[in-house]
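# Secondary and tertiary structure notes
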Amino acid sequence: MEDRQEALIRSILRTYDDSAFRGIHHLGQCSLPSYREVVEIVKDLYELTYPGYGRHQKLSENNALYHVGHLVDDLIVRLNEQIRRAMLSTMDCSQSFAVGHSNDMAMSFLEKVPKVRELMASDVQAAFDGDPAAKNTSEIVFCYPGVTAVTLFRFAHEMHRLGVPMIPRMITEYAHSKTGIDIHPGATIGRRFFIDHGTGVVIGETTEIGNDVKIYQGVTLGALSFARDETTGDLVRGTKRHPTLEDHVVIYANATILGGNTRIGHHAVVGSSAWITRSVAPHTTVTIENPRLRYRDGSPIEERQIDWQI
Amino acid sequence: MEDRQEALIRSILRTYDDSAFRGIHHLGQCSLPSYREVVEIVKDLYELTYPGYGRHQKLSENNALYHVGHLVDDLIVRLNEQIRRAMLSTMDCSQSFAVGHSNDMAMSFLEKVPKVRELMASDVQAAFDGDPAAKNTSEIVFCYPGVTAVTLFRFAHEMHRLGVPMIPRMITEYAHSKTGIDIHPGATIGRRFFIDHGTGVVIGETTEIGNDVKIYQGVTLGALSFARDETTGDLVRGTKRHPTLEDHVVIYANATILGGNTRIGHHAVVGSSAWITRSVAPHTTVTIENPRLRYRDGSPIEERQIDWQI
Amino acid sequence: MEDRQEALIRSILRTYDDSAFRGIHHLGQCSLPSYREVVEIVKDLYELTYPGYGRHQKLSENNALYHVGHLVDDLIVRLNEQIRRAMLSTMDCSQSFAVGHSNDMAMSFLEKVPKVRELMASDVQAAFDGDPAAKNTSEIVFCYPGVTAVTLFRFAHEMHRLGVPMIPRMITEYAHSKTGIDIHPGATIGRRFFIDHGTGVVIGETTEIGNDVKIYQGVTLGALSFARDETTGDLVRGTKRHPTLEDHVVIYANATILGGNTRIGHHAVVGSSAWITRSVAPHTTVTIENPRLRYRDGSPIEERQIDWQI
């Protein structure tokens, strides 16, 4: 039995040496960023963004300075460490370059908190204005997964713009895991953005979304196909592959909009379950035709429906 | 550096004062309900509902009294506190009114535990009867996200009926986050209800579901459009916007059923990916036509398929 | 008040006795497996599979033996306990049979770790090769929910093949809860498998997937209908109900493929939102026709679209 256990341990260890397994272990180098620590950082950013909604429930004008001062002081150190690790493990840069830049990146990032709060206040108001089931804004901050996903996206996007590698994706993937809403940090999204229900929403890396846009669960803003390098056959990374939504667009549940040249004009409405790979003019409403449905015996269903409908 | 940090802290604090940010912070007032505490309460409700499946693994007839007694005693106090906070922060009521009612609401809510257990026993049996992959009822209690989502919905619905604000939505949103199934506490759902897989399911606030209904992943029971007040232009809240499913209805994966006047008759079956905005008569099976598909060179695909099919 | 509380406690306890509630409580017998403990075991399997990515961040060739030795030693004991409980609570076997087999099953299962690592290395590389948004393999291990879901599936599948009851489903349901990807432990899946985004994916119990297959969010590989026993009317369990995907198949977002006789030939591509219930020949691309869409005034939308498109 001991022999079997020892053989098992050795067989696992052997795979840590093997170059065929490269990329799924990380030994004897500087540490990778910690997903857990990134999650803890995100929770503290949430405390800063929605004071009174989180751990600290007795906040007032009198003690808010201590609360914010402590969180910021702590976050600078912890962000600094994670950013440094992310730089050293993914970029071809020296230890001194990473140390020199990570603290400034952490600080520059935190300086975006007021901007993110301002955007989220606009998003929360848009949710209240757009959903007849919403009773008040507190309910929206607490209970709308779109608020969680978009708050974390807005932070990740600011970090992405500062050039921080890897951590922005960890942040949006944490949001995806909590909400089912997958927004790439590279997307650009305007003010008063509202996602309702949200499970299954995918917003790709090069998507552009204007102001006052509303989307529902299951909407994909995706790529139509991927370009490959003509010489190497490798995927070309970084081109515009995902659609553009202009201001005041509404996309209903489970609609799919694909392609980097696909542009949904301002004030257009895309109906539930529509599948769009071409641009839509402003002020247009696009819905699917009532699909032809089959009754069990093969006859069309329409008449029976009408007869019976109350 | 210290100056920069201090300026950062001050810039965040300034946004806590600004009326433009109202609704996303809560300072110097009575505390909001705590989402974390609501989650802990939900976990204890789960212990009461599925004894032997949770933390406490050595339950028997001899010690169950201590277990239940302790949980109930503790839950009354904690529910009381959260209900009081929810009332004070969302309703226009006095401290004494809230204190006077919250304890009774907590008790009245817990008195629904036997009813919820009885409904869930019927749901678990329906899951076993309806899914050929299920091996036994223990597997269903442990591993079926529909059981989690519907248990939490049933508790949230009872609390909603008692008039408790906000907390019912926190409970169903916690279920949504765990399972991808989003059921509004206002929906009404009968006995022996079964959701399989469940990710992406949305059941709106005014949905009515009869007995012995089965639905699959990605099903939306949603609104067709929202009525607006003719004078103010604001959304009208509270009207019947979502469909009605009569007894013994089956809705297969990713079907969408929209509208407050849409009624799916008893024993009707709605096929996978169907899109329905009109009522369906009882005993009717509605499926989408095989969509016309395109082969790469533009020719219809049918013949090749048939030739090749084994 | 005390009377009311006591009556409440007694009313809950009464439901623990009632045979109508059977299957949703478990009292006075050997303990059920613990979902929490299974989750902790899964986290340790993750540590073994992706060393340097998890809790233990200072791993090197020098200390990896201690790390792996400790994890394996601990996991054998804990797996043994959970497997024994699962056997005793779901199979008609004696205590001595369960004790005799559970330790061997735990060991045999852990001996699959090198195989799972080898498969996951192939999957991670496939993700990098297949997604233009991926920057490096570390990002894929940390941030791709498909990696989480498929790693846990591959472990659950090995345990399922060893005949361990219940725990494989607990593992894949934990993955489902984290990622929105629901893969039954009974499915068979080849090398270099890649799921992108993933929310809403369902892969049924009898699905067979070859090598180099890529699927996107919202894809259902499901059953068309369930066979019932002609005599008893009960569902027939265990027949082939879900499709087969041959090598090098790509299934784009929200496509639905149903039926145990449905076979997607090698190098076939199924487009976004397609709905397939018949086999598709090798090297075929199947896409939905551009659905006819309706403009608000009822006229076809095509011309306006073309006029406006940039």
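Each value, and the rule that gives it
Residues numbered from 1 in each chain as written. Chains lettered and ligands numbered in written order. Predicted model: local features only at pLDDT ≥ 70, side-chain atom pairs only at ≥ 80, totals over all residues. Heavy atoms only, no water. Axes fitted to C-alpha atoms, helices over the stretch in contact; angles between N-to-C directions. Helix = DSSP H or I, 4+ residues; strand = E, 2+ residues; numbered from the N terminus. Parallel < 35°, antiparallel > 145°, perpendicular 65-115°, else oblique. Left-handed = near helix turned anticlockwise from the far one by under 90°. Contact = heavy atoms within 4.5 Å. Nonpolar A, V, L, I, M, F, W, Y, C, P; charged D, E, K, R; others polar. Pairing = 2+ DSSP bridges. Buried area = accessible area lost by both parts, 1.4 Å probe. Salt bridge = Lys/Arg side-chain N within 4 Å of Asp/Glu carboxyl O. Buried < 20%, exposed > 50% of the residue type's maximum accessible area, 1.4 Å probe, protein only. Least-squares fit on C-alpha atoms with pLDDT ≥ 70 in both. Expected span 1.5 Å × (residues − 1).

This brings us to the packing of helix α5 (residues 113–130) of chain A against helix α7 (residues 145–161) of chain A. The relative placement of two packed helices comes down to the angle between their axes together with the axis-to-axis distance. Residue and element names in this part refer to chain A. Interhelical geometry of α5 versus α7 gives an angle of 150 degrees and a closest axis separation of 10 Å. On the basis of the axis angle, α5 is roughly antiparallel to α7. The element α5 and its partner α7 pack so that their crossing is right-handed. Note on element contacts: α7 touches α5 through V147, V150, T151, R154, F155, E158 and R161, opposite V113, K115, V116, L119, M120, D123 and V124. Its residues assigned to classes, the contact of α5 with α7 shows eight nonpolar, one polar and five charged.

Next up on the list: the sheet that holds strand β10 (residues 256–258) of chain C. One open sheet accounts for five strands, arranged β1-β4-β7-β10-β13 (chain C); its pairing is parallel. Both outer strands of the open sheet, β1 (182–183) and β13 (275–276) of chain C, are each paired with one neighbouring strand and no more.

This next bit is on the interface of chain C and chain A. Across the contact, 76 residues belong to chain C and 70 residues belong to chain A. Counting the surface lost from both chain C and chain A, the interface buries some 6,500 Å², and carbon and sulfur atoms represent 56% of this. Inspection of the chain C/chain A interface yields four salt bridges. Note that R4 of chain A and E111 of chain C form a salt bridge whose closest N and O atoms lie 2.7 Å from each other. For the side of chain C that touches chain A, the leading source of residues is helix α5 (residues 113–130) of chain C, giving 10 residues. Class assignment of the residues belonging to the side of chain C that touches chain A gives a composition of 35 nonpolar, 21 polar and 20 charged.

Residue and element names in this part refer to chain B. Phi at D212 is positive, roughly 60 degrees, even though this residue is not glycine. Tracing the chain through its elements places D212 in the loop between β5 (208–209) and β6 (214–216). You can call D212 partly exposed: its relative accessible area is 22%.

Another aspect to go through is the relation of the copies chain C and chain A. Each copy of the chain is related to the other by a rotation around an axis and a translation along that axis. When chain C is fitted onto chain A, the two copies agree to an RMSD of 0.0 Å after a turn of 120 degrees and an axial shift of 0.0 Å. Those values place the two copies in the arrangement expected of a three-fold rotation axis. Of all interface residues in chain C, a mere 5% are interface residues in chain A too; the two copies therefore contact each other through different surfaces.

Now for the sheet that holds strand β10 (residues 256–258) of chain B. Residue and element names in this part refer to chain B. One open sheet accounts for five strands, arranged β1-β4-β7-β10-β13; its pairing is parallel. The outermost strands of the open sheet, each flanked by one partner alone, are β1 (182–183) and β13 (275–276). Two elements, β10 and β13, share two bridges in a ladder whose sense is parallel. Of the residues in β13, the one forming a bridge with T256 is W275.

This part covers helix α1 (residues 2–17) of chain C. The first and last C-alpha atoms of α1 of chain C sit 23 Å apart over 16 residues, in line with the 22 Å expected at 1.5 Å per residue. Those residues of α1 of chain C that sit buried are Q5, L8, I9, S11, I12, L13, T15 and Y16 of chain C. Residues of α1 of chain C that are buried sit in contact with α2 (35–49), α3 (64–90), α4 (95–110) and α5 (113–130) of chain B.

These figures capture arrangement, not role.
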